[in-house]
Amino acid sequence: MKRRPLLAGNWKMHTTVIEACHLAAEIGACSAHLDDRDILLAPPYTVLSEVAHVLKDSNILIASQNVCWEQEGAFTGEISPTMVKSAGGVAAIIGHSERRRIFHEDNEMVNKRVHGALRFGLIPILCIGETLEEREGGQAFTVLEGQVREGLAGVSPDAMGKMVVAYEPVWAIGTGKTASKEQAQEAHAFVRKLLAEMYEKDIADSVRILYGGSVNVDNVNELMAQADIDGALVGGAALKAESFCRIINFT
Ligand code: PGA
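The text that follows walks through the structure, step by step, so that each part is easy to find. All of these numbers come straight from a predicted model, not from anything done at the bench.

You can see R192 is positioned in helix α9 (residues 181–198). By relative accessible area, R192 is classed as buried at 6%. When the C-alpha positions of R192 and I203 are compared, they lie 9.3 Å apart, and in sequence the two are 11 residues distant. Discounting chain neighbours no more than four positions away, the residues touching R192 are R3, A204, D205, V207, I209, D228 and D230. Among the polar contacts made by the side chain of R192, one reaches the side chain of D230 at a distance of 2.8 Å.

Summarising the sheet, strand β2 (residues 38–42) and strand β3 (residues 61–64) pair through 2 bridges and their orientation is parallel. Residue pairing across strands places L40 opposite L61, the latter belonging to β3. Remark: the β2/helix α2 (residues 48–54)/β3 crossover connection has right-handed handedness. The sheet contact formed by β3 and strand β4 (residues 91–94) spans 2 bridges and is parallel. When the bridges of β4 are listed, S64 appears paired with A92.

Within this structure, the stated rule accounts for 1 disulfide. Take C21: it sits in no disulfide, and the sulfur closest to it among the cysteines is that of C245, at 16 Å. Overall, the relative accessible area of 21% leaves C21 in the partly exposed class. The thiol sulfur of C127 is not disulfide-bonded, and the nearest other cysteine sulfur, from C68, lies at 17 Å.

The subject of this paragraph is the site of the ligand. Every one of the 13 residues lining the ligand counts as a neighbour, but K12, H96, E168, G174 and S214 are closest to it. At a separation of 2.6 Å, an oxygen atom of the ligand approaches a polar backbone atom of G174. Taking G236, its main chain carries an N or O atom lying 2.8 Å from an oxygen atom of the ligand. The fraction of the free accessible surface of the ligand (280 Å²) that becomes covered by protein chains is 96%. Using a 2 Å cut-off from the grid points, one finds that the ligand occupies the second largest pocket. The class makeup of the residues in the shell around the ligand is 4 nonpolar, 7 polar and 2 charged.

By the element assignment, R208 lies in strand β7 (residues 208–212). Take R208: its relative accessible area is 19%, and that puts it in the buried class. For R208, the residues in contact, after removing those within four places along its chain, are R3, R4, P5, L6, D38, M163, V164, V165 and D230.

Thresholds applied
- Residues numbered from 1 in each chain as written.
- Predicted model: local features only at pLDDT ≥ 70, side-chain atom pairs only at ≥ 80, totals over all residues.
- Heavy atoms only, no water.
- Helix = DSSP H or I, 4+ residues; strand = E, 2+ residues; numbered from the N terminus.
- Buried < 20%, exposed > 50% of the residue type's maximum accessible area, 1.4 Å probe, protein only.
- Contact = heavy atoms within 4.5 Å.
- Polar contact = N/O pair within 3.5 Å; in protein donor to acceptor, adjacent residues only side chain to side chain.
- Pairing = 2+ DSSP bridges.
- Right-handed = clockwise from strand over helix to strand, strands pointing away.
- Disulfide = S-S within 2.5 Å.
- Near = heavy atom within 4 Å.
- Areas by Shrake-Rupley, 256 points an atom, 1.4 Å probe, with all protein chains shown as cover.
- 1 Å grid on protein atoms, 1.4 Å probe; cavity = no way out; pocket = protein on both sides within 12 Å on 5 of 7 lines; lining within 4 Å.
- Sits in = over half its atoms within 2 Å of the grid points.
- Nonpolar A, V, L, I, M, F, W, Y, C, P; charged D, E, K, R; others polar.

Now the structure itself:
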């Protein structure tokens, strides 16, 4: 099954309004000719609508870096799916390892966020990934299975078809240490097989699974050549137009 590649840039807690608008404009310019792949940017909340505005005539998709399960209310510091949509967003990154590790979000909370996004029509990008300790202890696949099963609890087959999964080994994020193409492919194939068990093969075959963790201009081609790697979630290298433009133009 042929899946449309999805290249996503996660800006994390970077960029002022002016920096974000410049970066978005540069990325818009270098992606205008790309019609065989999807490009997505996840800027900080403070610049979501500015970036969406700068890119309104482009085909770049906008996502938030997290999302609450409620539409509005007393949730200081959170952002609702409706707010994301009204700012021009169509997707939300959920369960990023920095949210899990630094802010103690567990699978249960991640699952609530996934349902919140789906209920209000945002595409959830569910992030999963093991730590170095878990990998070295032979626990990587058990951890991934738990994150997938618990993160997707109660998600219907129909909704699953709309989702994106991102495999991001924690030890590869921001460390410059990328998983080898074999390690990444093995994890992606594992996740796809698990999705086929939980849903149906057709659905598992249609879900895009992105790799994240020190993706850069030098490794993107070989990662994207793997059978079960359908895209990339890029952090550091998405903050410079030069490198992100080369990444999204991968061959
Ligand atoms: P990195 O971040 O590319 O800087 O490793 C990836 C991510 O956290 O999504």
